[in-house]
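So the chains spell out like this:
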Amino acid sequence: RKEVEQDPGPFNVPEGATVAFNCTYSNSASQSFFWYRQDCRKEPKLLMSVYSSGNEDGRFTAQLNRASQYISLLIRDSKLSDSATYLCVVNVGGSQGNLIFGKGTKLSVKP
Amino acid sequence: ETGVTQTPRHLVMGMTNKKSLKCEQHLGHNAMYWYKQSAKKPLELMFVYNFKEQTENNSVPSRFSPECPNSSHLFLHLHTLQPEDSALYLCASSQEWGRAQYFGPGTRLLVL
């Protein structure tokens, strides 16, 4: 099983749609989780950290399921500007360790 | 200037050239990283510096040589590169090793 696994997509959705991405991780000792977005030919940008209780930032909701070892990202009311690749990131080493990046899920929001 | 900056943004070099990439972070962070991102591949961690000490070298060929003179600056020295080294090289920093990382805009490198 890969350390961090994501469906590469692409997810093609109309504006206003709700879309959800899942990401699975293999190391049950993982402590920290993040979602990044990366636009074409740009650097990854931190979208949100994922807390054990789940967290919400505007139209974006992230949730963590430790028992099943997956993280989800829900985007409500999709905008054209949400089109990007979404990277699932896991810290496999607790407070001191490297971040492992997934390959990303590509989202394309159409008018 | 704020955040993480990288220079140059684009670089074309021959296989016999020597060049250096520069990264500077203005966030007061203690950890800095070099990543390589090739087309359609995930980010590959190359080097980690924590409080100016190198803590990670992910089996990177010796033609890549990092340098961290202080906690705000990170360099990647390049020499005798191969065409397959062409990629986007990203620098990142974080408050502590393992925390959320903030990336610079990257240097797009082409080796001819």
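Scroll up a little and you will see the structure.
Residues numbered from 1 in each chain as written. Chains lettered and ligands numbered in written order. Predicted model: local features only at pLDDT ≥ 70, side-chain atom pairs only at ≥ 80, totals over all residues. Heavy atoms only, no water.

Trainee: What exactly am I supposed to notice about the interface of chain A and chain B here?
Mentor: Often the size quoted for an interface is simply the accessible area lost on bringing the parts together. With 17 residues of chain A at the contact, the number on the chain B side is 19 residues. Counting the surface lost from both chain A and chain B, the interface buries some 1500 Å², and carbon and sulfur atoms represent 55% of this. Taken together, chain A and chain B are joined by zero salt bridges. Where chain A meets chain B, there are four residue pairs in polar contact (both at pLDDT 80 or more). Looking at the side of chain A that touches chain B, the elements that each hand over two or more residues are strand S4 (32–38), strand S5 (44–50) and strand S10 (99–101) of chain A. The leading source of residues in the side of chain A that touches chain B is S4(A), at three residues. Taken together, the residues of the side of chain A that touches chain B break down into six nonpolar, seven polar and four charged. (Contact = heavy atoms within 4.5 Å. Buried area = accessible area lost by both parts, 1.4 Å probe. Salt bridge = Lys/Arg side-chain N within 4 Å of Asp/Glu carboxyl O. Polar contact = N/O pair within 3.5 Å; in protein donor to acceptor, adjacent residues only side chain to side chain. Helix = DSSP H or I, 4+ residues; strand = E, 2+ residues; numbered from the N terminus. Nonpolar A, V, L, I, M, F, W, Y, C, P; charged D, E, K, R; others polar.)

Trainee: I would appreciate a short explanation of the packing of aromatic side chains in the present structure.
Mentor: A ring pair, where both rings are aromatic, is described by two values, the distance of the centres and the angle of the planes. Summed over all chains, the structure comprises ten aromatic pairs over all chains. Between the aromatic rings of Phe101(A) and Phe103(B), the centroid separation amounts to 5.8 Å while the plane-to-plane angle is 80 degrees, which identifies the pairing as edge-to-face. Taken as a pair, Phe101(A) in strand S10 and Phe103(B) in strand S10 (residues 102–103) lie in two separate chains rather than in one. The exposure class of Phe103(B) is buried, given its relative accessible area of 8%. Between Tyr35(B) and Phe103(B), the ring centres sit 5.5 Å apart and the planes meet at 45 degrees, which makes this aromatic pair tilted. Of this pair, Tyr35(B) sits in strand S4 (residues 31–37) while Phe103(B) sits in strand S10, and the two are 68 residues apart along the sequence. Here the aromatic cluster, defined as three or more aromatic residues joined through ring pairs, consists of Tyr36(A), Phe101(A), Tyr33(B), Tyr35(B) and Phe103(B). (Phe/Tyr/Trp six-rings, centres within 6.5 Å; stacked < 30°, edge-to-face > 60°. Buried < 20%, exposed > 50% of the residue type's maximum accessible area, 1.4 Å probe, protein only.)

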